[in-house]
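Descriptive structure summary
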Amino acid sequence: MMRAFFSVILLGVLAACGDPTFVVPGSPDPVVRAFLYAGQPVNDVRLTWTVPINTSDTANVQVAPPINDATVVLVRNGVRYPLVKSAGDSGYYQYNGTGLIVREGDVFTLEGSVKGRALSARTVVPGRPTGARMVSSTLTIPTLTFGGPGGPRPDFSAAQTLVRWTKSPGSLYFVTLENVELSPVGVDIAFPGGIRGRRRVIFAPTAADSLPVNALGLPYYGRYQVYVWRVNEEYAQLYATLQQDSRDLNEPFTNITGGLGVFTAFAADTTSVTVIKK
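Residues numbered from 1 in each chain as written. Predicted model: local features only at pLDDT ≥ 70, side-chain atom pairs only at ≥ 80, totals over all residues. Heavy atoms only, no water.

Now for the sheet that holds strand S16 (residues 210-214). Strand order in the open sheet formed by 3 strands is S11-S13-S16, with antiparallel pairing between adjacent strands. Edge positions in the open sheet fall to strand S11 (130-134) and S16, since each of these has one partner strand only. Taking the axes of each pair of neighbouring strands and ignoring which way they run, one obtains an average angle of 15° across the sheet. Both S11 and strand S13 (residues 160-166) contribute to a ladder of 3 bridges, which runs antiparallel. By the bridge assignment, Arg133 is partnered in S13 with Arg164. (Pairing = 2+ DSSP bridges. Helix = DSSP H or I, 4+ residues; strand = E, 2+ residues; numbered from the N terminus. Axes fitted to C-alpha atoms, helices over the stretch in contact; angles between N-to-C directions.)

Among the 6 residues of strand S4 (residues 44-49), 6 are classified as buried, and the element is accordingly described as predominantly covered. Side chains Asp44, Arg46 and Thr48 project from S4 onto one buried face, and the interleaved Val45, Leu47 and Trp49 project onto a second face that is buried too. The turn joining strand S3 (residues 30-37) and S4, which pair antiparallel and follow one another in sequence, is formed by 6 residues; a positive phi near 80° is taken by Gly39. (Buried < 20%, exposed > 50% of the residue type's maximum accessible area, 1.4 Å probe, protein only.)

Turning our eyes to something else, we now look at the sheet that holds strand S6 (residues 79-82). Ordered by their spatial adjacency, 4 strands build an open sheet running S6-S5-S9-S10, and the pairing between neighbours is antiparallel. The sheet is open, and its two borders are formed by S6 and strand S10 (117-124), each paired with just one other strand. Direction aside, neighbouring strands of the sheet carry axes that sit 20° apart on average. Of the pairings in the sheet, the one linking strand S9 (residues 107-114) to S10 comprises 8 bridges and is antiparallel in character. Counterpart to Gly112 in the pairing with S10 is Leu119.

Attention now moves to the side chain of Arg33. Within the fold, Arg33 resides in strand S3. A polar side-chain atom of Arg33 sits 3.4 Å from a polar atom in the side chain of Tyr92. (Polar contact = N/O pair within 3.5 Å; in protein donor to acceptor, adjacent residues only side chain to side chain.)

Our next topic: the pairing of strand S18 (residues 260-277). Within S18, 13 of the 18 residues are buried, leaving the element largely enclosed by the surrounding structure. Pairing geometry for S3 and S18, over 7 bridges, is parallel. Within the sheet, the bridge partner assigned to Leu36 lies in S18 and is Ala265. Sheet topology places strand S12 (residues 138-141) next to S18; 4 bridges connect them, and they run parallel. Within S18, the position partnered with Thr138 by the bridge is Thr274.

As a rule of thumb, non-glycine residues mostly have phi less than zero, and peptide bonds are mostly trans rather than cis. Even without glycine at this site, Asn77 takes up a positive phi of about 50°. The residue Asn77 is located in the loop between strand S5 (71-76) and S6 in this model. Judged by relative accessible area, Asn77 falls into the exposed class, the value being 71%. Phi is positive for Lys115, which is not a glycine, with a value near 50°. If you trace the backbone, Lys115 turns up in the loop between S9 and S10.

Laid out in structure tokens, this is it:
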């Protein structure tokens, strides 16, 4: 494994599960970002090449080129599950069969081949957290009325709540909210943090046992499925290296043999919350 220092760029909002692209000087190396989710389809496996970065001009960092011609296989208990390239020029790979269900406690090996380079990694699917619940199962956004100076101000207290779960020592968690309405109606208050057009909202990883949720930062009215994910050790180590002080930089964590990046897994407990308009 190359010892030269490399930087990590987070693309998009990952608050939670990030999209790290490793950039190093010299010849490009394959980067793996492979996430497995217990009970969910396997479709979040991505391969890219590293790109050189001019540390004096980070605004002009190149986009990491996707790898679309790799061979990628997941192995569990000796059974091999080949992945196929997802649609488009994205570098994503997915499993299209019916025989693979990711379960808590499963041990997976990822095997890949890129331009004659062998890649491998191992991960264990963690146990899901327990006790996921909303302090309030309904969030209410008040109708805004303008009565002029000195008039009544809208009460936003009912638009806020907490999602809680049972914390385990040393564990890291992240929360996602996904709107499950067939035809969701957009929240008509354009407050900062609202993400229009996306059904899923992702929050930053935390070691706490709760997270505040504000309806004004959600894109739609209606019911949301709330997932509290336990983060596996590999991702916890990656996230820890992303938070380091710029005065004392260390190489970001990688568990990929033959390349860079992270292969890891998550498991979730679920609850729900509904956003309504008063």
